[in-house]
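Chain by chain, the residues run as shown.
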Amino acid sequence: MTPTYTISVDTGGTFTDLVLADQDEVIGLFKSSTTPDDLFVGITGAIEKAAAHVGLPIADLLAATKVFVYSTTRSTNAILTGNVAKTAFVTTRGNRDILLYREGGKDQPHNLALPFKTPYVPRRLCFEITERVLADGSVAVELDEAAARATLERIGELEVEAIGVCLLWSILNPEHELRIGELIEEILPGVEYSLSHQVNRIVREYRRASSTVIDASIKPLMRDHLNDLESRLRGLGFNGDPLMVTHVSGGVMRTEQMCERPIQTVDSGPALAPVAGVVYAEAEPDAKAPDVLVVDTGGTSFDVSIANEGRILYTREKWLGPKWYGHMTGLPAVDTQSLGAGGGSIARVDAGGLLHVGPESAGADPGPVAYGKGGTEPTVTDAALVLGYIDPDNFLGGAMKLDLEAARSAMLEKVGEPLGLSAEGAAEAILRVASESMRGFITDMTVAQGRDPRQCVMIAGGGAAGLNIVRIARDLGVRQIIIPRLAAGLSATGGQFSDISATFSIGQYASSAAFDFDKVNATVGELKTALTSFLDAVDQPGEREMRFVCEARYDQQIWEIDVDLGEGREFHGPEDLAWLQERFDAAHLNLFAVNQPGFPIEIVTWRGEGRIIRPKPALTTAGADDDDAGAAADVDVTTRTGWFGGEPMDTAVHRVEDMSALTRIEGPAIIEEPTTTIVLDPGSVAQVRPTHYLVEIAGADEAAIAAGTVGAEA
Amino acid sequence: MAIDRVTLGVMANRLDSITREMTNTMVRTARSTTMAAKDFSTSIVSSEGEMVSAPEGIPVHVYGSGLIAQAMTEIHGDAIKPGDAYLTNDPYQGNSHAADQTVLVPVFFEGEHVFTSVAKAHQADIGNAKPTTYSPTALDVYNEGALIFPCVKVQDRYQDVTDIIRMCERRIRAFDTWYGDYLAALGAARLAERRLQEFCEAYGLATVREFVAEWLDYCEQMTAEAISKLPAGRVHASTCLDPFPRLPDGIPLQATIDVMPDEGRVVVDLRDNPDCTPTGLNLTESTSKNAATTAILMCLNSVPETREVIVPNNAGCYRRIEVLLRENCVVGIPRHPASASVATNTVVDRVVGMVLRAVATMREGVGAAHPCFGQPPYTGVASGVDARRDGEDYVFQLFSGTSGGPATAHNDGWLQFTNTAGAGLEYVDSTEVVEQKYPIVVWEKVVRVDSEGAGRMRGAPGGTTVFGPRFDPLEIQYYLDAVVNRSQGVRGGQMSRGPEAWLVSADGAATKRTETVGEVPVDVGECILSWSGAGAGYGPAAERDPERVLRDVVDGYITPARATAAYGVVLTGDPARWETLAVDAEATAAARAAFADAAPDDDVARDTSLPDTWWLAAA
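Everything numeric in this text was worked out from a predicted model, so none of it was measured. (Residues numbered from 1 in each chain as written. Chains lettered and ligands numbered in written order. Predicted model: local features only at pLDDT ≥ 70, side-chain atom pairs only at ≥ 80, totals over all residues.)

Secondary structure summary: chain B contains 15 helices and 22 strands in total. Overall, the C-alpha framework of chain B stretches about 75 × 65 × 45 Å when taken along its three principal axes. Sorting the 619 residues of chain B into buried and exposed places 63% on the buried side. Across chain B, the fraction of contacts at a sequence separation of at least 24, relative to all contacts at a separation of at least 6, is 73%. (Helix = DSSP H or I, 4+ residues; strand = E, 2+ residues; numbered from the N terminus. Buried ≥ 20, exposed ≤ 12 C-beta atoms within 10 Å, placed from the backbone. Contact = placed C-beta atoms within 7 Å.)

What follows is the structure, given as structure tokens:
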């Protein structure tokens, strides 16, 4: 019988990753270079590799594929490069500068010379409409239709391609927004538009407006891109379910549904990493912890996310680009935070003799000194090379020869001499400083989410993860790290395990002091209706579930926290309210270590997620793609000198295509997988599993106390 | 034993990480909008009273951390023990001003006092005679009415000293909000205590003490290095606060600044200034020193596009910036019972502004023009009763708008500057959140057209904010500055528009408020129009890139008329249709040539018309 395949593709900045699975298990990871001009070319490249691996022509593989999951950076890249539709912003009179002001704030208080942040829509394309709704949903000033028509006609004159409409308090009374939508269809037929109460029905006008203009600005291109991709795949023989596109909540939905709110695709790739992380954590019987910390290290970025008890943690403050200077998507999203650090980060010594690593990066071009492409500044990759962690003759599976001598001399000249260190000492210092900033970054994030790193199992993915993850974990007090053998394709792996889902929010205020039971039940009911119609529109089989959350705060607090409401309890009397209060008090305690039980609470937003649980494959038993994948089955152990803590040590190098289970590797050692390298510091031990390595760190706890990162009691 | 530089950097990073953790805790657990707007700071001070870490503190706050920690040691000496926490807001002994209540936790390790964690927050109410935390017209501290805590013990053995809390319950409006914010600050300081103890355990006490010394030395060295790039010489700065109740001539202020690049040192002498005034405007020791230091740090750190702090803000850097003060001076050390109710802005802004501008006169490329001044209604304190909450009282500070930052040689001013105390770090209110929490309506919150100080680099424009009560009257407290003595440009740059406050009645008639210090009742149906000040310009306006001027017109920051009259940029096309506009290079060159004979007036061709009162349509 021909197997039934599932393909998941993640188009990243450099590589397009494809993970292939049949109905039973994951078969492998296949990488191809991303082709930004036409992503389809890179995707087909990866499909060809997968097809070759299973010995089928590409058409046959696609014909046997039932589910195709697509995760794209198309929208993220379009936004970051400004390559989106010409978009206008329409808002309530007196509020033209919502997008310009954002929510205020900056860093560097003493720097007066920073250029002011650029708004998502330039001020010239921001328009006001006379109307005003108040905080209780009542209309204070009627919509001035004549003026609105004139404004839309003016927008038409400017050849705008998309319009984002966000009026104040449209979340409570959408009449005016809906009417403007009608006027757009009448006056500017063919112009794409988004209405804020439909895109993201939450209080806080900047976040809602930002969601809305981002959504509108990518509507035309994402509609074209997704439809084009789907029809070209079908042209190649794909005959399965509708194309599934991943969203920022770590799930997938059909192209058609996604085209309604394409903003959900923005930054969706990294959201899949924790989906895979949770699967790996569940697959490892010897590593059980309430929290899973997922890190994904590429050449230029270090992404971190967290799951608690199998649930991935969310944020409402998703920034595209740097905090304060970028744009908030405003949507609830998997909380993946990104530090601009990786193999390309440049090291330099300042005038006071202090070593800094990053934020400047050599990127891929010219790249590290060792690439020999003109880079002159020593980077983290150069440091790893000098320390013997990377084999100059076997980098990226031998695809590129590295120039060790050039790296050494740059290391000596730029870092060693100013600090009075040898080349190896300088390299060690660079890794130490780079690891420290990653440690600090993880700490900031876990603290903000109220998690204790010592309670976490870490999942480390990404091509560069293995170089220093053991030392970072040790400083954090993490005792166990799972490094998937498909580490270099964590997001694409996540695509195999994602469910069909959608999230909706309603910004309906409620206070426990004067709880409006009818209004709350109606709100939850409205969410249920929306979720039901989403779920009903999906043909695929699978168990369906709904979960609800409210965003609440103590009376007069500023920021809300999530309170899990389970499957959507209705509120009828004091006992229901007491139940809510208890859940809130507990959540507050969990997050901030303090609470005021019984103090009145305010609920600002209600959120529901509907999910169709897809059948999942087992994790793979095979290795990653490589021309010799499956051929070399033996463990190939050699020895070279690796430097640890400033000392040269004989270090076993395991070049692995396939290893039997139960193999145990003790540090110091280096494991070279085709797409990633894992450095085991002395004191760490790797258990080799069919699907991953479980690295255990002796004395991590003491090291973390020594590093001052964790408390004796959190 | 010297600590190697790599370990030094790693340890410093860890301390900053702890301070950030404190900040996170405060921001997420805060109750008042004031705190949520980030009018708070966290820092770590050594047992010697030297501030070691404050990576994200707002400038006006953190300088004094060392002074208040020193005060704690002076007052309580050997009685300080683990489990203690102290509360201070004492303007006479190290604190910034009475509204900034500070929790200090002495951190012990192996029986020794090693650090003090400091969490300072501007409270929503502190029991002043009037429902505001800013009392500029207070005759003295008695008249001001603030509860003053001269570094009193507020926790003993990790338990609240309930006497103190009960005093606050009797004297502080919106006590629940106060207590919530107190807990937020205490929580942050206690968290830092645990983290710092772990830090000591990790490295050992001797190494930690060594680290503090060496880290401060390093920061001192970086400061010296940065100062060595400034022009050498002595420069005199002066400015004058607007006339003020009981001060008909305002407050003339001056400073002498000695920049010694060879020695890597700057001395700012503030002693030749008037005595303390019978107002709440007097600065405290911490805000006086801070003002001068902030200005110098801004001169050293203002580099476009960098994401890196060049000179860290801590006690090491303060060693290279010496500020000379005297007692009983409006910019010095106040003598009890002089009031320093508004010591974090107004005079502070003037001192920072005059130093920045004076440094700019030394050489092209350094310093800045004057920023905006005053605290207009958009960031005033509103109070009233909330009919939606059974007539409960409310008091809160608005952050519903922006004021303009000063131009530097490198860039136009920062649009959301507010004042030098926050320097743009503060958040701006969400109108929906404000309206959900308080019974007011914010009708407009936009950029104020044509308000900028022109220049090669222009100051940032001010803002227009219109708001009013919903069900019951409110009172708004604010004060203006730079109405008479306006923000001055530098090196040929021009002055900006100052702030204005107008009361718009229910029939649409607008009346300009003439008082400097406003305590304005606003009836239902009426609105306050707040026009905030803009930043001044740097370099001649005729040298501004015409394309930038065109962009300003297209984006509506300035009118086409002003582009021509103030910048000498002549545009072709239809002004009503920006897409048709272009720079007429020839006419522009001619217009600019004419400027050489007669520079245009600073206020030439500004559109100063009041906004349309469309909101009156609301029933």
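After presenting the structure, the write-up continues.
Of the regular secondary structure elements, chain A holds 18 helices and 36 strands. The globule rule puts the C-alpha radius of gyration for 714 residues at 27 Å, and the 26 Å found for chain A is close to it. Partitioning the intrachain contacts of chain A with sequence separation of at least 6 by distance along the chain shows that 67% fall at a separation of at least 24. (Rg over C-alpha atoms; globule rule 2.2 N^0.38 Å.)

With that out of the way, let us pick up the domain arrangement of chain A. By a widespread convention, an interface's size corresponds to the accessible area lost as its parts come together. Residues and elements named next belong to chain A. The assigned domain composition of chain A is domain 1 (5–79 + 223–265), domain 2 (83–211), domain 3 (347–385 + 394–420), domain 4 (501–611) and domain 5 (636–684). Relative placement of domain 1 and domain 4: their C-alpha centres are 35 Å apart. If you look at the interface, domain 1 gives six residues, while domain 4 gives seven residues. (Domains from an automatic or database assignment.)

Bringing the domain arrangement of chain B into the picture now. Residue and element names in this part refer to chain B. Domain boundaries assigned for chain B yield domain 1 (5–217), domain 2 (368–540) and domain 3 (542–595). Here the C-alpha centre of domain 3 lies 28 Å away from the C-alpha centre of domain 2. A class-by-class count of the residues in the side of domain 2 that touches domain 3 yields five nonpolar, two polar and four charged. (Nonpolar A, V, L, I, M, F, W, Y, C, P; charged D, E, K, R; others polar.)

Here the focus is helix α13 (residues 423–448) of chain A. For α13 of chain A, which comprises 26 residues, the first-to-last C-alpha distance of 38 Å matches the rise-based estimate of 38 Å (1.5 Å per residue) to within 8%. Among the 26 residues of α13 of chain A, 24 are classified as buried, and the element is accordingly described as predominantly covered. (Expected span 1.5 Å × (residues − 1).)

Let us look at the sheet that holds strand β3 (residues 85–88) of chain B. Residue and element names in this part refer to chain B. Strand order in the open sheet formed by seven strands is β2-β1-β5-β4-β3-β6-β7, with antiparallel pairing between adjacent strands. Each edge of the open sheet carries a strand with a single partner, namely β2 (51–53) and β7 (159–160). Relative to strand β6 (residues 152–156), β3 runs antiparallel, the two being bridged by three bridges. Among the inter-strand pairings, Y86 is bridged to a residue of β6, identified as K153. (Pairing = 2+ DSSP bridges.)

Let us look at the sheet that holds strand β5 (residues 87–92) of chain A. Residues and elements named next belong to chain A. Judged by pairing direction, the sheet is parallel, and its four strands sit side by side in the order β6-β5-β9-β10 without closing on themselves. The open sheet terminates on both sides in strands that have one partner only, identified here as β6 (126–129) and β10 (192–195). Strand-to-strand twist of the sheet, defined as the mean angle between neighbouring strand axes without regard to direction, takes the value 20 degrees. By the bridge criterion, four bridges tie strand β9 (residues 162–166) to β10 in an arrangement that is parallel. Across the sheet, the residue bridging to A162 is E192, located in β10. The strands touched by helix α5 (residues 145–157) within the sheet are β5, β6 and β9, with β6 carrying the most contacts at an inclination of about 165 degrees. Those strands touched by helix α6 (residues 175–187) are β5, β6, β9 and β10, and its axis lies near 175 degrees from that of β10. (Axes fitted to C-alpha atoms, helices over the stretch in contact; angles between N-to-C directions.)

With that out of the way, let us pick up the interface of chain B and chain A. Residue-level contacts link 82 residues of chain B with 65 residues of chain A. Those elements giving two or more residues to the side of chain B that touches chain A turn out to be α1 (5–29), α2 (33–36), α7 (175–203), α8 (205–227), α9 (285–301), α12 (431–437) and β14 (440–447) of chain B. Top element by residues in the side of chain B that touches chain A is α1 of chain B. It accounts for 14 residues. When the residues that make up the side of chain B that touches chain A are grouped by side-chain class, the tally is 37 nonpolar, 24 polar and 21 charged.

Attention shifts here to unusual backbone geometry. Following G667 of chain A, the chain continues to P668 of chain A via a peptide bond in cis, the omega torsion being 5 degrees. Within the secondary structure layout, P668 of chain A lies in the loop between β32 (664–666) and β33 (669–672). Residues H336 of chain B and P337 of chain B are joined by a peptide bond in cis, for which omega reads 5 degrees. Mapped onto the elements of the fold, P337 of chain B is located in the loop between β11 (321–324) and α11 (347–362). Residue E110 of chain B is not a glycine yet carries a positive backbone phi of 50 degrees. Relative to the helices and strands, E110 of chain B resides in the loop between β4 (100–109) and β5 (112–122). Residue class for E110 of chain B comes out exposed when judged on the 10 C-beta atoms lying within 10 Å of it.

Take the pairing of β4 of chain B next. Residues and elements named next belong to chain B. Counted residue by residue, β4 has nine buried out of ten residues, so it is predominantly covered. As defined by bridge partners, β3 adjoins β4 across three bridges and the pair is classed as antiparallel. Within the sheet, the bridge partner assigned to T88 lies in β4 and is T102. With ten bridges joining them, β4 and β5 adopt antiparallel strand pairing. By the bridge assignment for β5, T102 is matched with K120. Count of turn residues in the β4/β5 antiparallel hairpin: two residues, of which E110 carries a positive phi of about 50 degrees.

This part covers the environment of V84 of chain A. Residues and elements named next belong to chain A. You can see V84 is positioned in the loop between α3 (74–80) and β5. Since 22 C-beta atoms lie within 10 Å of it, V84 is described here as buried. Residue contacts for V84: discarding those within four places in its chain leaves A78, I79, S217, I218 and L221.

Residue and element names in this part refer to chain A. Inspection of the secondary structure assignment puts V695 in strand β36 (residues 692–697). Owing to 28 C-beta atoms within 10 Å, V695 belongs among the buried residues under this scheme. Sequence separation between V695 and D585 is 110 residues; the distance between their C-alpha atoms is 37 Å.

Bringing the nonpolar core into the picture now. Side chains of a nonpolar character, in soluble globular proteins, are inclined to be buried together. The biggest cluster of nonpolar side chains holds 389 residues, and the ones touching the most others in it are I163 and I430 of chain A together with V351 and V355 of chain B. The element contributing the most residues to this core is α7 of chain B, with 14 residues. Within the second largest apolar cluster, 16 residues are counted, among which are V447, L550, I558 and V569 of chain B. (Core = buried A, V, L, I, M, F, W, Y, C linked by C-beta atoms within 7 Å.)

What follows covers the pairing of strand β20 (residues 527–531) of chain B. All names here are of chain B. Judged by how many residues are buried, β20 sits mostly within the fold: five of five residues are covered. Bridge count for strand β15 (residues 463–469) against β20 is four bridges, and the pairing is antiparallel. Pairing of T464 across the sheet is with W531, part of β20.

Turning our attention to the confidence of the model for chain A. For chain A, per-residue confidence averages 89 on the pLDDT scale, and 94% of positions sit at 70 or higher. Confidence drops under a pLDDT of 50 for residues 708–714 of chain A, and excluding neighbours within four residues, the segment shows 23 contacts in the predicted structure. (pLDDT = per-residue confidence, 0-100.)

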